[in-house]
Amino acid sequence: MRYRPGQKVRVAARRHEGHHRTPAYIKGKHGTVERVHARFRNPETHAYGMDGLPEQPLYLVSFPQLDVWREYPGNAGDRLYADVFEHWLEEAE
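Residues numbered from 1 in each chain as written. Predicted model: local features only at pLDDT ≥ 70, side-chain atom pairs only at ≥ 80, totals over all residues. Heavy atoms only, no water.

*Asks:* Mind laying out the pairing of strand β1 (residues 8–11), listing which residues take part and the relevant values?
*Replies:* Residues Val9 and Val11 of β1 are buried on one face, while the alternating residues Lys8 and Arg10, pointing to the opposite face, are not. Sheet analysis places β1 next to strand β2 (residues 30–40), joined by three bridges and oriented antiparallel. Each residue of the ladder has a partner; that of lysine 8, found in β2, is threonine 32. As paired strands, β1 and strand β5 (residues 89–91) are joined by three bridges and run antiparallel to one another. Looking at β5, one finds that valine 11 is bridged to leucine 89. (Buried < 20%, exposed > 50% of the residue type's maximum accessible area, 1.4 Å probe, protein only. Helix = DSSP H or I, 4+ residues; strand = E, 2+ residues; numbered from the N terminus. Pairing = 2+ DSSP bridges.)

Following this line, the structure appears as structure tokens:
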């Protein structure tokens, strides 16, 4: 596992064709690793009939709602949580 709880990360903003589980609205956003789940088959290759190996670490990452949705009408401290596979994460600058 490359990242640890409390670490700041950025979701890669690269384009991806086909199936993947990284929502477009968090690409390029900065967040905080909240939890390390485990390793799972890579859904980006597994969905196309491959074995999905090697398994990829999956993290629970939180994002300030106002950073994701500029017009968010809720509390400024609200956070959005998303599971993100390690190959979509980068160290935050």
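On we go.
*Asks:* Help me get a handle on the pairing of strand β3 (residues 56–64), residues and values and all.
*Replies:* By the criterion of burial, β3 is predominantly enclosed, with eight of the nine residues buried. Pairing of β2 with β3, which is carried by seven bridges, proceeds in the antiparallel orientation. Of the residues in β3, the one forming a bridge with alanine 38 is leucine 58. Alignment of β3 against strand β4 (residues 79–85), held across seven bridges, turns out to be antiparallel. Opposite leucine 60, over in β4, you have aspartate 83 as the bridge partner.

*Asks:* Mind laying out the pattern of salt bridges, listing which residues take part and the relevant values?
*Replies:* Enumeration according to the criterion identifies two salt bridges in this entry. Here arginine 2 makes a salt bridge to glutamate 91, at a shortest N to O gap of 3.7 Å. Residue arginine 2 is located in the segment before β1, and its partner glutamate 91 is located in strand β5; the two are separated by 89 residues in the primary sequence. Grouping residues by exposure puts arginine 2 and glutamate 91 together as exposed. Where glutamate 90 meets arginine 10, a salt bridge forms, and the shortest distance between an N and an O atom there is 2.7 Å. Of the two residues, glutamate 90 sits in strand β5 while arginine 10 sits in strand β1, which places them 80 residues apart along the sequence. On the basis of relative accessibility, which here comes to 30%, the residue glutamate 90 falls in the partly exposed class. Classification of arginine 10 as partly exposed rests on a relative accessible area of 23%. (Salt bridge = Lys/Arg side-chain N within 4 Å of Asp/Glu carboxyl O.)

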